[in-house]
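# Summary of structural features
Residue strings, one per chain:
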Amino acid sequence: MSSRPTARPANLLDELQNALAHGTVARRVETLRRVTDLFLYGVADYSDEQIDVFDDVFHCLIEEIETSAKSLLAKRLAPVPKAPPRLIYTLAFDDEIEIAAPVLSHSERLNDDMLIANARSKSQGHLLAISKRKVLSNAVTDVLVERGNNEVVESAVNNPGAEFSDKGFTELVSRAEGNDELATCLGTRRGIPRPHYLKLIARASDSVRERLQAANPRAADDISAAVKQAALNVDPGAGGEKAAHAYRLVKSLSDDGRLDERQIAEFAAAGRFEETCAALAISANVPVTTVENMMIESRSEGLMVLAKVAGLSWMSLKLVLELGGGTSEIEIENIDDHKSSYDMLRPSTAQQVLRFYRMRQDTAQTEPA
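The structure reproduced in this document is the subject of the present report. (Residues numbered from 1 in each chain as written. Predicted model: local features only at pLDDT ≥ 70, side-chain atom pairs only at ≥ 80, totals over all residues. Heavy atoms only, no water.)

Time to look at the overall build of the protein. Secondary structure assignment for the protein yields 23 helices and 0 strands. Burial status across the protein gives 46% buried among its 369 residues. For the protein, contacts bridging at least 24 residues in sequence account for 66% of all contacts bridging at least 6. Accessible surface computed for the protein: about 18,700 Å², of which carbon and sulfur atoms make up 49%. (Helix = DSSP H or I, 4+ residues; strand = E, 2+ residues; numbered from the N terminus. Buried < 20%, exposed > 50% of the residue type's maximum accessible area, 1.4 Å probe, protein only. Contact = heavy atoms within 4.5 Å. Areas by Shrake-Rupley, 256 points an atom, 1.4 Å probe, with all protein chains shown as cover.)

See the structure below:
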């Protein structure tokens, strides 16, 4: 049997209210310390009802006490999974960052809705504290990327427990242009989707590319291909293990006679960027990196030419454009505006354009550097 004395928080509120009615600020602070000790001592055994009573007690005690006392309370309760929920919420939304930061960074009592509301309304210091949480959903990071300053955004990108949506990555790549620190953080982040990575590299400064090559020498071919706008006819596996695997899969389908429009449309509809690029490249007989760079460009003409050469219908091309639209400036809602142009584009014309493109790239490769 446990020797721990049984706390009786149910009677605590009345006793404290009587004492606090005539107490000084110093007495409030001392009482707050004692109540915090009592709570932490028995928190593992308290029921939800008892924790609610402590919640009321803490709210009475934190009225009109100094910032340092509230800050200490926040630091002590932030790591506690069963901390009083309303108190944690109150501390998280305090204007004083030294009070809010500990719970924003560590408390499990704060759910996504609370974090999003905080990030949308509070200071950059509050956003920075949120960015340091062990786990961050993409719903929360969307707001951090939208409202956060460079310090906040870099902190979130460097957080291995943070998830980012496709929208978030698109905004990050845009913000990284001209910001070498952010570009480097983003380029070295594990799990950045390939289309976003390619676009980041294509826009990056020479110093950023050098840093990324130094951080990951195996990415040198990938960086070189993106910088040269996919003009080089290099090994399609040079862009990384995932891209190489995708190419081998699609090449196998092609060799077996199973790579057709339906298969390309399925890849695009499923958001399989690497497989879609490989399928278009093989169907149009162009390097994979050519397709990848067309996918991340803001203009759709290149993809329309490739799709026509590959024999895709408008509906299949639309899926490809929608896939590319998630990582480029192509306006997804205006994709249908391209239908008439695609319908009028003749396969023979598309072939001529593609031949001219290949000739230009061959010339560029043979010119001295």
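Moving on, we get to the nonpolar core. Among soluble globular proteins, nonpolar side chains are generally buried collectively. In terms of nonpolar packing, the biggest core is built from 62 residues, with Phe39, Phe58 and Leu144 touching the most fellow members. With 6 residues, the single largest contributor to this core is helix α3 (residues 48-61). Formed by 38 residues, the second largest nonpolar core is a distinct cluster that contains Met295, Ile296, Leu306 and Ile335. (Core = buried A, V, L, I, M, F, W, Y, C linked by side-chain atoms within 4.5 Å.)

We now examine the environment of His245. Assignment of secondary structure puts His245 in helix α16 (residues 241-255). Separated by 29 residues in the primary sequence, His245 and Glu274 have C-alpha atoms spaced 8.9 Å apart.

What follows deals with the packing of aromatic side chains. With the rule as written, the count across this model stands at 8 aromatic pairs. Ring geometry for Phe164 against Phe169: centres 5.6 Å apart, planes inclined by 50 degrees, an arrangement best described as tilted. On the accessibility criterion, Phe169 (6% relative accessible area) is buried. Joined through ring pairs, the aromatic side chains of Phe39, Tyr46, Phe54 and Phe58 make up one cluster. (Phe/Tyr/Trp six-rings, centres within 6.5 Å; stacked < 30°, edge-to-face > 60°.)

Turning to the side chain of Glu154, a few remarks are in order. Mapped onto the fold, Glu154 is located in helix α10 (residues 150-157). Buried charged residue Glu154 carries no salt bridge. Nearest counter-charge: Arg175, at 7.9 Å. (Lys, Arg positive; Asp, Glu negative; His and termini not counted. Salt bridge = Lys/Arg side-chain N within 4 Å of Asp/Glu carboxyl O.)

This brings us to the packing of helix α5 (residues 85-92) against helix α6 (residues 97-106). Packed helices, taken two at a time, are described by their axes: the angle between them and the distance between them. Two numbers describe how α5 lies on α6: the axes approach to 7 Å, and their chain directions differ by 125 degrees. The orientation of α5 with respect to α6, classified from their angle, is oblique. When α5 is examined against α6, the residues Ile88, Leu91 and Ala92 are found in contact with a partner set consisting of Ile99, Ala100, Val103 and Leu104. Split by residue class, the contact of α5 with α6 holds 7 nonpolar, no polar and no charged. (Axes fitted to C-alpha atoms, helices over the stretch in contact; angles between N-to-C directions. Parallel < 35°, antiparallel > 145°, perpendicular 65-115°, else oblique. Nonpolar A, V, L, I, M, F, W, Y, C, P; charged D, E, K, R; others polar.)

Of all 8 residues in α10, 6 are buried, a share of seventy percent or more. Among the residues making up α10, those that are buried are Val152, Val153, Glu154, Ser155, Ala156 and Val157. Close packing links the buried residues of α10 with α8 (124-131), α9 (138-147), α11 (166-176) and α12 (180-187). At the N-terminal end of α10, a side-chain oxygen is found 3.2 Å from the backbone nitrogen of Glu151, two or three residues along, and the residue is Asn149. (Polar contact = N/O pair within 3.5 Å; in protein donor to acceptor, adjacent residues only side chain to side chain.)

The N-to-C vectors of helix α17 (residues 261-269) and helix α18 (residues 273-284) enclose an angle of 150 degrees; their axes lie 8 Å apart at closest approach. Between α17 and α18, the angle falls in the class roughly antiparallel. Of the two possible hands of crossing, α17 and α18 adopt the one that is left-handed. Mapping the contact onto sequence places Ile264, Phe267 and Ala268 in α17 and Glu275, Thr276, Ala279 and Ser283 in α18. For the contact of α17 with α18, the residue count by class is 4 nonpolar, 2 polar and 1 charged. (Left-handed = near helix turned anticlockwise from the far one by under 90°.)

Applying the stated criterion to the full structure yields 17 salt bridges. The salt bridge involving Lys251 is made with Asp255; its shortest N-O contact spans 3.0 Å. On the criterion of helical spacing, the pair formed by Lys251 and Asp255 is a turn pair, its members being 4 residues apart in helix α16. Using a relative accessible area of 33% as the deciding quantity, one classes Lys251 as partly exposed. Connected via shared salt-bridge partners are Glu30, Arg33, Arg34, Asp37 and Arg76.

Purely geometric numbers; function is a separate question.
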